[in-house]
Amino acid sequence: MYSAYAYPKSRYLPQNPVDLNAREERERLSKSALKGFFKLAAAWKLRDDDARELLGGLSSSAFYEWKKNPDRVLEVDRITRISYLLGIYKTLHIIYGDKLADEWVSLPNRNLIFGGRTPLAYMLAGGLLSMQTVRKLLDARRGGL
């Protein structure tokens, strides 16, 4: 009937996104997400206060407990935050050498988005939406968008 308007056949089959509202998916992802976050925090030389804030304002006692024992189920917000941060980390290591990739978040940046602040300061001030913006910026620089 309207075959002229049909999409062409493709070998690409889109995958369904992970349903973070499903507890079993969060159980599956949480431990490795936390381990990855703590490795990222060490590589970026984050102060514990900054690391706690990037996780959404976690208390000191909970932060140190999570660091000691990452076997827990995270909320959707925290998994999403960690996902953005790990994506930022990975993209920085694709774009730059290891040394600059790990320092980049702490260096003042003249990009209009950051206004002379460090990307870390931008993400700390803006939370989840700022993390998303940094991730999109870096993906675009890499050529992924």
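Residues numbered from 1 in each chain as written. Predicted model: local features only at pLDDT ≥ 70, side-chain atom pairs only at ≥ 80, totals over all residues. Heavy atoms only, no water.

By the naming in an unreviewed UniProt entry, the protein goes by MbcA/ParS/Xre antitoxin family protein and is assigned to [Empedobacter] haloabium.

Hey, could you run me through the packing of aromatic side chains in this one?
A ring pair, where both rings are aromatic, is described by two values, the distance of the centres and the angle of the planes. Under the definition given, this model contains 6 aromatic pairs. Seen from their ring centres, Phe-114 and Tyr-122 are 5.3 Å apart, and the 90 degrees between their planes marks the pair as edge-to-face. Overall, the relative accessible area of 1% leaves Phe-114 in the buried class. Residue class for Tyr-122 comes out buried when judged on its relative accessible area of 14%. (Phe/Tyr/Trp six-rings, centres within 6.5 Å; stacked < 30°, edge-to-face > 60°. Buried < 20%, exposed > 50% of the residue type's maximum accessible area, 1.4 Å probe, protein only.)

Can you help me understand the nonpolar core in this one?
General note: in soluble globular proteins, nonpolar side chains tend to be found buried as a group. Phe-37, Leu-85 and Met-123 are the most contacted members of the largest nonpolar core, which has 34 residues in total. In terms of residue count, the dominant contributor to this core is helix H6 (residues 119–142) (7 residues). Among residues more than four places away in sequence, those in contact with Phe-37 are Ala-51, Leu-54, Leu-55, Phe-63, Ile-82, Leu-85 and Leu-86. (Core = buried A, V, L, I, M, F, W, Y, C linked by side-chain atoms within 4.5 Å. Helix = DSSP H or I, 4+ residues; strand = E, 2+ residues; numbered from the N terminus. Contact = heavy atoms within 4.5 Å.)

Sorry, what's going on with the UniProt feature "domain: Antitoxin Xre-like helix-turn-helix" (unreviewed entry) in the protein here?
The residues that UniProt annotates with the feature "domain: Antitoxin Xre-like helix-turn-helix" (unreviewed entry) are residues 33–87. For residues 33–87, the helix share is 71%, the strand share is 0%, and the end-to-end C-alpha distance is 11 Å. (UniProt positions renumbered as here; feature names shortened; annotations may be inferred.)

Help me understand the pattern of salt bridges, please; the structure alone is not making it clear to me.
Here the idea is simple: oppositely charged side chains can pair when their charged atoms come close. Under the counting rule described, the total for this entry stands at 11 salt bridges. The closest approach of N and O atoms between Glu-25 and Arg-28, which form a salt bridge, is 2.7 Å. In this pair, Glu-25 and Arg-28 both sit in helix H1 (residues 23–43), 3 residues apart, roughly one turn of the helix. Across the pair Glu-75 and Arg-78 runs a salt bridge whose closest N-O atoms are separated by 3.0 Å. Beyond isolated ion pairs, a larger network of salt bridges with shared partners links Glu-65, Lys-68 and Arg-72. (Salt bridge = Lys/Arg side-chain N within 4 Å of Asp/Glu carboxyl O.)

Hey, could you run me through the side chain of Thr-91 in this one?
Structurally, Thr-91 can be placed in helix H4 (residues 76–95). Note on Thr-91: relative accessible area 3%, which makes it buried. Once you skip the residues sitting within four places of it in the chain, Thr-91 turns out to touch Arg-135, Leu-138, Asp-139 and Arg-142.

Would you mind showing me how to read H1 here?
Counting along an α-helix, one turn takes 3.6 residues, and residues three or four places apart therefore face a common direction. Here H1 is 21 residues long and its end C-alpha atoms lie 30 Å apart, about the 30 Å a rise of 1.5 Å per residue gives. All buried positions along H1 are accounted for by Arg-26, Ser-30, Ala-33, Leu-34, Gly-36, Phe-37, Phe-38, Leu-40 and Ala-41. Just downstream of H1, Lys-45 is the residue with a positive phi angle, here 55 degrees. (Expected span 1.5 Å × (residues − 1).)

Help me out: how do you make sense of unusual backbone geometry in this one?
Here Lys-45, not a glycine, exhibits a phi torsion of approximately 55 degrees, which is positive. Residue Lys-45 is classed as exposed on the basis of its relative accessible area, which comes to 73%.

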